[in-house]
Amino acid sequence: MTEVYNTTENYKDYNNLGQENNNQVCINDNVRSFSRIFLPTLYSVVFIVGLIGNSLVMSVLVKYHKGSNVTNLCLFNLALLDILFLLSLPFWAHYAAITEWVFGSFMCHAVTALYTLGFYGSVFFMILMTVHRYNITVHARNSHFSKQWSVRASLLLVLFMWTLSLGASLPNIIFAKVASKSNVLTCKEEYPEKAWRLFSYIELNVLGFIVPLSVMVFCYSHIIPVLMAMKTQKKHKAVRLIFVLVTVFLLFWMPYNFVIFLNFLHQLGYMNNCQQHKDLNMAMQWVETIAFCHCCLNPIIYAFVGEKFRNSTLKILKQWFPLCFGRYSATAKQFSERKSFMSLRTLENSSSKVV
């Protein structure tokens, strides 16, 4: 896989996996055997679940939410970038299963581009959504200005975010290369200098974790007091959603970035013995897969939590799968009608008592 950091960086040298200072080969057969089963299975699950969820989000937005406001555009592009990211996983799964790259040089660059562009793009659009929520909540007095600005400039803003994502991905795309080691073809970044590899780790930690977390903490720490001051019953639900957003981001991305930092230290010469090398390889497989699952949760967290969006989703699911969701919709309608009838009866009884 690519050097943003991923576990397939660990298989390509499995046949000749590096040496310790005493020139004894570090055997990593246990990690390799585990990877050939674990990674293809988990990548396949993430690919299927994430593709279904994000495709559904895009379909609902195209059919029922065609407005060009910032939120809808961010949701659409977030789902699109998650799909681009997911499309790279079958290739990495195959690479992990046979421990050799068989798709050629062009596909090495292309799959690396899908992987890195999807990764950085998703992060940047999550940041944009957070800043937009901060703007319309904390600076509500300028909401008219914000609405007019979003209509005029939202497309340019989206284009800027894609350009930024591509710029962050370029080093990995450019240095991706198919090479032969011990008669085994690999697809990985071949950096001209060690400084480039160190830069890739720093870039991933800063742009992929520190910046989005800092933006979340700043924006939501200002949003929560404003929400709590509002006289609405939905404020507690909104605050809970904020905590879910931040908690999920931390749970899924903090372990991954911590191991990335350990690999950065490894490149500087720390943790060089064989056992530590094995532990880093094994840890990366687990935390990377956990991080990848976040793109499966994005549709649930950022889209399906809204009542209007959920109703649109049920409509489109009813059209696609009438046998499964037609009955559910009818039951929900009956429940809603019964609830309205009971509320009306209660109101009538209260009125009669007053009279």
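On a predicted model such as this, the values are computed, not experimentally measured, just so you know.

K.L.:
Give a detailed account of the overall build of the protein, specifying residues and quantitative values.
P.N.:
When you go through the protein residue by residue, the secondary structure sums to ten helices and two strands. When the elements of the protein are put in sequence order from the N terminus, they spell out α-α-α-α-β-β-α-α-α-α-α-α. Each of the 355 residues in the protein was classed as buried or not, and the buried ones make up 45%. For the protein, restricting intrachain contacts to residue pairs at least 6 apart in sequence, the fraction spanning at least 24 positions comes to 78%. As presented, the protein carries roughly 18,700 Å² of accessible surface, and 66% of it is formed by carbon and sulfur atoms.

K.L.:
Describe helix α8 (residues 294-304), with residues and values.
P.N.:
The periodicity of an α-helix, 3.6 residues per turn, causes residues three or four positions apart to be oriented the same way. Counting buried positions along α8 yields nine of eleven residues, so the element is predominantly enclosed. Regarding α8, the residues found buried are H294, C295, C296, N298, P299, I301, Y302, A303 and F304.

K.L.:
Pulling in residues and values, what's your account of the pairing of strand β2 (residues 184-189)?
P.N.:
Burial of β2 is extensive: five of the six residues sit out of reach of the surface. As defined by bridge partners, strand β1 (residues 176-181) adjoins β2 across six bridges and the pair is classed as antiparallel. Its bridge partner lying in β2, K181 is registered against V184. Between β1 and β2, which follow one another and run antiparallel, lie two residues, and S182 among them has a positive phi close to 55 degrees.

K.L.:
Give me the packing of aromatic side chains: which residues, what numbers.
P.N.:
Enumeration according to the criterion identifies 21 aromatic pairs in this entry. Members of the aromatic cluster, joined through ring pairs, are Y43, F85, F91, W92, Y95, W101, F103, Y115 and F292.

K.L.:
How would you sum up the UniProt feature "transmembrane region" (unreviewed entry) in the protein? Please name residues and give values.
P.N.:
Taken from the UniProt record, the annotation "transmembrane region" (unreviewed entry) applies to residues 42-62, 74-93, 113-132, 153-175, 206-229, 241-265 and 285-305. For residues 113-132, the end-to-end C-alpha separation is 27 Å, with 100% helix and 0% strand making up the annotated structure. With 100% helix and 0% strand, residues 153-175 has its two end C-alpha atoms placed 34 Å apart.

K.L.:
Can you tell me about the confidence of the model for the protein, naming the residues and giving the values?
P.N.:
Counting all residues, the mean pLDDT for the protein is 78, and 77% of those residues have values of 70 or more. Here residues 2-24 scores under 50 on pLDDT; set against residues more than four positions off or in separate chains, the count is 78 contacts.

K.L.:
Lay out the state of the cysteines in plain terms, naming residues and giving numbers.
P.N.:
Scanning the model with the defined rule gives one disulfide in all. Here C108 connects covalently by a disulfide to C187, the sulfurs 2.0 Å from one another. Between C108 and C187 the sulfur-sulfur dihedral comes to about 90 degrees; the bridge is accordingly right-handed. Of the two residues, C108 sits in helix α3 (residues 104-138) while C187 sits in strand β2, which places them 79 residues apart along the sequence. The same class applies to C108 and to C187, which are both buried. Not part of a disulfide, C296 finds its nearest cysteine sulfur in C295, a span of 4.5 Å.

K.L.:
Describe the nonpolar core, and please don't skip the residues or the numbers.
P.N.:
One finds W92, W253, Y256 and Y302 to be the most contacted residues of the largest nonpolar core, which totals 84 residues. Among the elements that make up this core, the one with the highest residue count is helix α2 (residues 70-98) (16 residues). With near-sequence residues (within four places) excluded, W253 lies in contact with F119, F209, A291 and H294.

K.L.:
Talk me through a positive patch on the surface; I want residue IDs and the actual numbers.
P.N.:
Together, K234, K237, R240 and R310 make up a positively charged patch on the protein surface. Tracing the chain through its elements places K237 in helix α6 (residues 235-267). With relative accessibility at 47%, the residue K237 sits in the partly exposed group.

K.L.:
Please give an account of the side chain of S122 that cites residues and values.
P.N.:
As for its placement among the helices and strands, S122 is situated in helix α3. Take S122: its relative accessible area is 7%, and that puts it in the buried class. Setting aside residues no more than four positions away along its own chain, S122 makes contact with L78, L81 and D82.

K.L.:
Can you break down unusual backbone geometry residue by residue, with the values?
P.N.:
Positive phi is not limited to glycine here, since T99 has a value of about 55 degrees. In this fold, T99 is placed in the loop between α2 and α3.

K.L.:
Break down the packing of α3 against helix α5 (residues 194-229) for me, with residues and values.
P.N.:
A packed helix pair is summarised by two numbers, namely the angle formed by the two axes and the spacing between the axes. Interaxial distance between α3 and α5 falls to 9 Å at its minimum, and their mutual angle equals 20 degrees. With respect to each other, α3 and α5 are oriented roughly parallel. You can see that α3 and α5 cross each other, and the crossing is left-handed. Partitioned by chemical class, the residues of the contact of α3 with α5 number 20 nonpolar, four polar and two charged.

About the thresholds
- Residues numbered from 1 in each chain as written.
- Predicted model: local features only at pLDDT ≥ 70, side-chain atom pairs only at ≥ 80, totals over all residues.
- Heavy atoms only, no water.
- Helix = DSSP H or I, 4+ residues; strand = E, 2+ residues; numbered from the N terminus.
- Buried < 20%, exposed > 50% of the residue type's maximum accessible area, 1.4 Å probe, protein only.
- Contact = heavy atoms within 4.5 Å.
- Areas by Shrake-Rupley, 256 points an atom, 1.4 Å probe, with all protein chains shown as cover.
- Pairing = 2+ DSSP bridges.
- Phe/Tyr/Trp six-rings, centres within 6.5 Å; stacked < 30°, edge-to-face > 60°.
- UniProt positions renumbered as here; feature names shortened; annotations may be inferred.
- pLDDT = per-residue confidence, 0-100.
- Disulfide = S-S within 2.5 Å.
- Core = buried A, V, L, I, M, F, W, Y, C linked by side-chain atoms within 4.5 Å.
- Patch = residues over 30% accessible without salt bridge, like charges linked within 9 Å, V, L, I, M, F, W, Y side chains within 5 Å.
- Salt bridge = Lys/Arg side-chain N within 4 Å of Asp/Glu carboxyl O.
- Lys, Arg positive; Asp, Glu negative; His and termini not counted.
- Charge placed at Lys NZ, Arg CZ, Asp CG, Glu CD.
- Axes fitted to C-alpha atoms, helices over the stretch in contact; angles between N-to-C directions.
- Parallel < 35°, antiparallel > 145°, perpendicular 65-115°, else oblique.
- Left-handed = near helix turned anticlockwise from the far one by under 90°.
- Nonpolar A, V, L, I, M, F, W, Y, C, P; charged D, E, K, R; others polar.

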